[in-house]
Amino acid sequence: MFVDFHCHSDHSDGTDSVAAIVQKAADKGISILSVTDHDTLAGQNEARELCLRAGIKYIRGVEDPRCSWLRYGFRSFVYGRRAQTVEA
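In what follows, the accompanying structure is described.

Our focus in this paragraph is unusual backbone geometry. At Asp39, a position not held by glycine, the phi torsion is positive, near 65 degrees. The class for Asp39 is partly exposed, based on a relative accessible area of 40%.

Below is the structure:
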């Protein structure tokens, strides 16, 4: 089983659209995907729908902008239902 719990779309600092990310994940045999854009949940519904069509389990996620540990090399992510409350 292959998973990707950390990718960014063009809704934040990524270069690929949500559709392109899901297509690449399907092509690479990813079983579970989470798009974790910075500061936004904008692509979540699209990602969930496209993953459903592609047979990929989708977990809602976001890179938490409130994390104060970035200067130490740590990042904070929120997954699942709680990700609904993070968007600024």
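On to the pattern of salt bridges, then. Across all of its chains, the model carries 2 salt bridges by this definition. For the salt bridge of Asp16 with Lys24, the shortest nitrogen-to-oxygen distance reads 2.6 Å. Overall, Asp16 belongs to the partly exposed group, its relative accessible area being 24%. With a shortest N-O distance of 3.7 Å, Glu49 and Arg53 are connected by a salt bridge. Here Glu49 and its partner Arg53 are both found in helix α2 (residues 44–54), 4 residues apart, which amounts to about one turn of the helix. Residue Glu49 is classed as partly exposed on the basis of its relative accessible area of 33%.

Right, let's talk about the sheet that holds strand β1 (residues 2–7) for a bit. Spatially, 3 strands are ordered β1-β2-β3 in an open sheet, and the strand pairing comes out parallel. The open sheet has two free edges, formed respectively by β1 and β3 (57–58), since each of these has just one partner strand. Looking at chain direction, strand β2 (residues 30–35) and β3 are connected through 2 bridges and run parallel. Its bridge partner lying in β3, Ile32 is registered against Lys57. Contacts from helix α1 (residues 18–27) reach β1 and β2, with the element oriented near 160 degrees to β2.

Calculation rules
- Residues numbered from 1 in each chain as written.
- Predicted model: local features only at pLDDT ≥ 70, side-chain atom pairs only at ≥ 80, totals over all residues.
- Heavy atoms only, no water.
- Buried < 20%, exposed > 50% of the residue type's maximum accessible area, 1.4 Å probe, protein only.
- Salt bridge = Lys/Arg side-chain N within 4 Å of Asp/Glu carboxyl O.
- Helix = DSSP H or I, 4+ residues; strand = E, 2+ residues; numbered from the N terminus.
- Pairing = 2+ DSSP bridges.
- Contact = heavy atoms within 4.5 Å.
- Axes fitted to C-alpha atoms, helices over the stretch in contact; angles between N-to-C directions.

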